Amino acid sequence: MVAVGTIMHADTALVQRAQANDRAAFNEIVLRYKSKVYNYIFRMIHSALDAEDLTQETFVRAYQSIRSFQSRASLNTWLFRIATNLCIDYSRRNKRVAGMTTSLSQEGSEEEEVEREIPDRAFDPQRLLLNKELGLKLNAALAELPEKLRTVVLLYDVEGLPYEEIAAIVGCPLGTVKSRIFNARSSLRTKLGPYLTGSA
Amino acid sequence: MKTQQNNNSNECRNCQQLISDYLENSLPARDMWAVEKHLAGCSECACVASEMENTVALLRTSERFDTGSDFMAKLHARLDTLPAESVQRASIAESARDWVAGLQERFGARRAPVLTLGLALSTLAILIVTNGPTREVLPVQPAPEALSRNVAFTASSPFDDPVAAKVEADNFASSESRSDSENASSAN
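First, a word on scope: everything that follows refers to the structure included in this document. (Residues numbered from 1 in each chain as written. Chains lettered and ligands numbered in written order. Predicted model: local features only at pLDDT ≥ 70, side-chain atom pairs only at ≥ 80, totals over all residues.)

For the rest of this paragraph, the subject is the overall build of chain B. When helices and strands are tallied, chain B shows 9 helices and 0 strands. Taking the contacts inside chain B whose residues are at least 6 apart along the sequence as the reference set, 30% of them involve residues at least 24 apart. (Helix = DSSP H or I, 4+ residues; strand = E, 2+ residues; numbered from the N terminus. Contact = placed C-beta atoms within 7 Å.)

See the structure below:
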């Protein structure tokens, strides 16, 4: 909690300097948040090139409107809100998310057999991290989620934002955010479950 | 037998609804205990809980992606080409969006639209009241007289204005008939 407060305090100081046209302070903001924003956008739209463009656009817009930023919201929330709006605009433009990932339902049986050899009852995240294939399965499962569910589960479970910040980003009541997270996790569990437990 | 199965499936459904919060440790103690008790006796729900836990762990430990090494250079190139006025002032739409978002944070997402609508209606009402058509306050008089008096302000001669001319003619006709009737009554 103290760490979060310290980060917010540092952010506020940076924002004040950036509002006074201090480019170095804005640089610091970019360096601090670019990876988080990029990771989120990449997982939302599944295109490395477009994710980089949208991340750039997020910070350009932040730079343009930093003077109107008031510290009611955290800088984190504000940047993710800009990024989320850009992702929504992007997916409206490209109705169908580019299929960088393969659909779970369209896999060959051979690949399926390989996957089912991997898991065991004792779940070891470190080991799974090394497993590129499982990462691809996760990406595919995320890509198949409806955008609203994908947004909240990425913000909560991947980026680690609290419910309140997510509610502010997506403009929904807290209860809706919680229910969307539950639905997203349930959907992912249904798709990934066999690969995680080895029970199937 | 069937009733017991229904009870079990209801219990399972209830339990599975709570599993996500159970894994977050965000349930009240009583619900935590109920879920734990159910999981201990139901292998199906225990499997669901285990899969859910693994799914969450997978999400939280998933590979992270980062920008290319030239990200900052590209960004600076873009920022340098921005016109100065676009940096000085945020667009009205962005300001409005930020403002509404601020309201949402302060008053909650449910109340913010109502507040915004209320404020918009109040502003509209104030604008109508302050910028509406101005009315000159005239003493209450019979309509033709009031009108002819107004005409005197706006037209140098009542006959410049056809409506005023008609009013003037009506006035003349009524004064004529009034004087006729007065003459008749005095003659009587």
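Having seen it, we continue.
Turning our eyes to something else, we now look at the environment of L79(A). Mapped onto the secondary structure, L79(A) falls in helix α4 (residues 75–93). Among residues more than four places away in sequence, those in contact with L79(A) are Y33(A), V37(A), T58(A) and A62(A).

Residues and elements named next belong to chain B. When you line up the elements, Q16 lands in helix α1 (residues 2–24). With 21 C-beta atoms packed within 10 Å, Q16 lands in the buried category. Along the sequence, Q16 and C45 sit 29 residues apart, while their C-alpha atoms lie 6.7 Å from each other. Sequence-distant contacts of Q16, defined by excluding residues within four places in its chain, comprise C45 and V48. (Buried ≥ 20, exposed ≤ 12 C-beta atoms within 10 Å, placed from the backbone.)

A few words on the nonpolar core. Grouped burial of nonpolar side chains is what soluble globular proteins tend to show. Grouped together as the largest cluster of nonpolar side chains are 67 residues, with contacts concentrated most on I41(A), L79(A), A83(A), V152(A), V153(A), L155(A) and I166(A). Apart from residues no more than four positions distant in its own chain, I166(A) is found in contact with V152(A), L155(A), Y156(A), L161(A) and V177(A). (Core = buried A, V, L, I, M, F, W, Y, C linked by C-beta atoms within 7 Å.)

Below, the discussion takes up the packing of helix α2 (residues 23–45) of chain A against helix α3 (residues 48–65) of chain A. Residue and element names in this part refer to chain A. Remark: α2 packs on α3, axes separated minimally by 9 Å, with the N-to-C direction vectors making an angle of 140 degrees. Judged on the interaxial angle alone, α3 and α2 are oblique. With respect to the hand of their crossing, α2 and α3 are arranged in right-handed fashion. Contacts between α2 and α3 involve F26, V30, K34, V37, Y38, I41, F42 and I45 on the former and, on the latter, A48, D50, A51, E52, L54, T55, T58, F59 and Y63. Looking at side-chain class alone, the contact of α2 with α3 contains 12 nonpolar, 2 polar and 3 charged residues. (Axes fitted to C-alpha atoms, helices over the stretch in contact; angles between N-to-C directions. Parallel < 35°, antiparallel > 145°, perpendicular 65-115°, else oblique. Left-handed = near helix turned anticlockwise from the far one by under 90°. Nonpolar A, V, L, I, M, F, W, Y, C, P; charged D, E, K, R; others polar.)

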